[in-house]
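Structure at a glance
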Amino acid sequence: MTTRPIIDTQATCSCGATTLTVKGPVLSMLLCACLDCQKETGTGHSAVALVKAVDVTTSGTLLAFSRPAASGATTTRHFCPQCGVTLYAQSSRAPQTMLVPAGLLGGDWFNPNQVIFARSHTEWDTLPETIPHYETYREGL
Amino acid sequence: MFASGRCLCGAITFTVENPPLRMAQCHCEQCRRSTGTGHIVQAFFKREDVAVKGTTATYKSTADSGFERTRHFCPNCGSRLFAENAKNPAVIGIAAGAFDDSSWFKPMVNLYASQRPVWDIVDPEIESHAEM
Ligand SMILES: [Zn+2]
Ligand SMILES: [Zn+2]
Ligand SMILES: [Zn+2]
Ligand SMILES: [Zn+2]
């Protein structure tokens, strides 16, 4: 079990039109290899911190895109219309939480504790072997 | 046709006629922010080999080389798609995750490895450069 950091971080999208602040505990740190995350990030997996929605504030106008996720829930991704950077995503399964991309937040505290949707992981993408890999979605943190 | 792909919502689709000239992974700050992960992974093709359907949104910035870089994304779903660099307008980079089947993909080189976050695991067999 990896430790869950408490963060106080402000992040900006590439163009600077939008910002996101997280102040509070990180509930979980996930690498997701689902096909939607591959398409959205353009990489082999997303890297996201699960945080409480009440701990997040954003500024600037974001666009939202909703789609049924591989988990069966609806995932809504919020991105900057000027530069396309995703600021956060939310699942209808857990509206009290938000998923914030680690690459956006920066910092050394990120330490993934699980891989989800390993079933669609590509051969060319490299994942840590030392953390649990779940074939699909996993209940709990 | 060599490969096809699309964004998450399907508003943008593309096809590629021939295999890539080069495949690379980059850990620079701009690429990490753009993807929200520890890196970007792209395959580079001859511009003339790539056909795009749909209209992308673009974001322009200055690359470390000093040349203008244009990143293309879907205005509807925000998916990362293409990147162009004014230094070499005959070439276009396509995000590996955008392909319908990327089983042929394999980064040849890791760039800006000096900026790689410790949590982002890389294949030690792949040639690595501290910067470009
Ligand atoms: Zn922006
Ligand atoms: Zn996912
Ligand atoms: Zn789209
Ligand atoms: Zn880069």
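Report on the accompanying structure. Note that this is a predicted model, so its numbers are computed, not measured.

**Section: the overall build of chain B**
- Tallying secondary structure elements over chain B gives 1 helix and 11 strands in all.
- For chain B, the sequential pattern of α-helices and β-strands runs β-β-β-α-β-β-β-β-β-β-β-β.
- Relative to a compact globule of 132 residues, whose C-alpha radius of gyration would be 14 Å, chain B shows 14 Å and is just as compact.
- Each principal axis of the C-alpha distribution contributes one length, and for chain B these read about 35 × 30 × 25 Å.
- Looking at chain B as a whole, 52% of its 132 residues are labelled buried.

**A look at the sheet that holds strand 4 (residues 40-46) of chain B**
Residues and elements named next belong to chain B.
- If you trace the 8 strands from one edge of the open sheet to the other, you get 6-7-8-9-4-3-10-11, paired in mixed fashion. Because the sheet does not close on itself, it has two edges, and the strands there are strand 6 (57-62) and strand 11 (127-128).
- Of the pairings in the sheet, the one linking strand 3 (residues 22-26) to strand 10 (residues 109-111) comprises 3 bridges and is parallel in character. Looking at strand 10, one finds that Q25 is bridged to N110.

**Section: the nonpolar core**
- Core analysis: the largest hydrophobic core is formed by 34 residues, its most contacted members being A:L20, A:V22, A:V51, A:L87, A:L105, A:W109 and A:F110.
- Secondary-structure elements contributing two or more residues to this core are strand 1 (6-12), strand 2 (19-32), strand 3 (46-52), strand 7 (86-91), strand 8 (97-101) and helix 2 (102-105) of chain A together with strand 6 of chain B.
- Tallying contributions element by element places strand 2 of chain A first for this core, with 5 residues.
- The residues contacting A:V51, other than those within four sequence positions of it, are A:V22, A:P25, A:V26, A:L27, A:V56, A:Q96, A:T97, A:M98 and A:V100.
- B:V41, B:A43, B:L81 and B:F99 belong to the second-largest nonpolar core, a separate cluster that totals 24 residues.

**Side note on the coordination of the zinc ion (ligand 1)**
Residue and element names in this part refer to chain A.
- Protein ligation of the zinc ion (ligand 1) involves C13 (SG), C15 (SG), C80 (SG) and C83 (SG), the donor distances falling in the range 2.3 to 2.4 Å.
- If you look at the zinc ion (ligand 1), its 4 donor atoms make angles of 105 to 117 degrees with each other, and the shape they trace is tetrahedral.
- Read in sequence order, the donor residues for the zinc ion (ligand 1) give the motif C-x1-C-x64-C-x2-C.
- Classification of C80 by relative accessible area gives buried; the value is 0%.

What counts and what doesn't
Residues numbered from 1 in each chain as written. Chains lettered and ligands numbered in written order. Predicted model: local features only at pLDDT ≥ 70, side-chain atom pairs only at ≥ 80, totals over all residues. Heavy atoms only, no water. Helix = DSSP H or I, 4+ residues; strand = E, 2+ residues; numbered from the N terminus. Rg over C-alpha atoms; globule rule 2.2 N^0.38 Å. Buried < 20%, exposed > 50% of the residue type's maximum accessible area, 1.4 Å probe, protein only. Pairing = 2+ DSSP bridges. Core = buried A, V, L, I, M, F, W, Y, C linked by side-chain atoms within 4.5 Å. Contact = heavy atoms within 4.5 Å. Donors = N, O, S within 2.8 Å, 3.2 Å for Na, K, Ca; no water. Tetrahedral: all angles 85-135°; square planar, octahedral: opposite > 155°, others 65-115°.

Function cannot be read off these values alone, since they describe shape.
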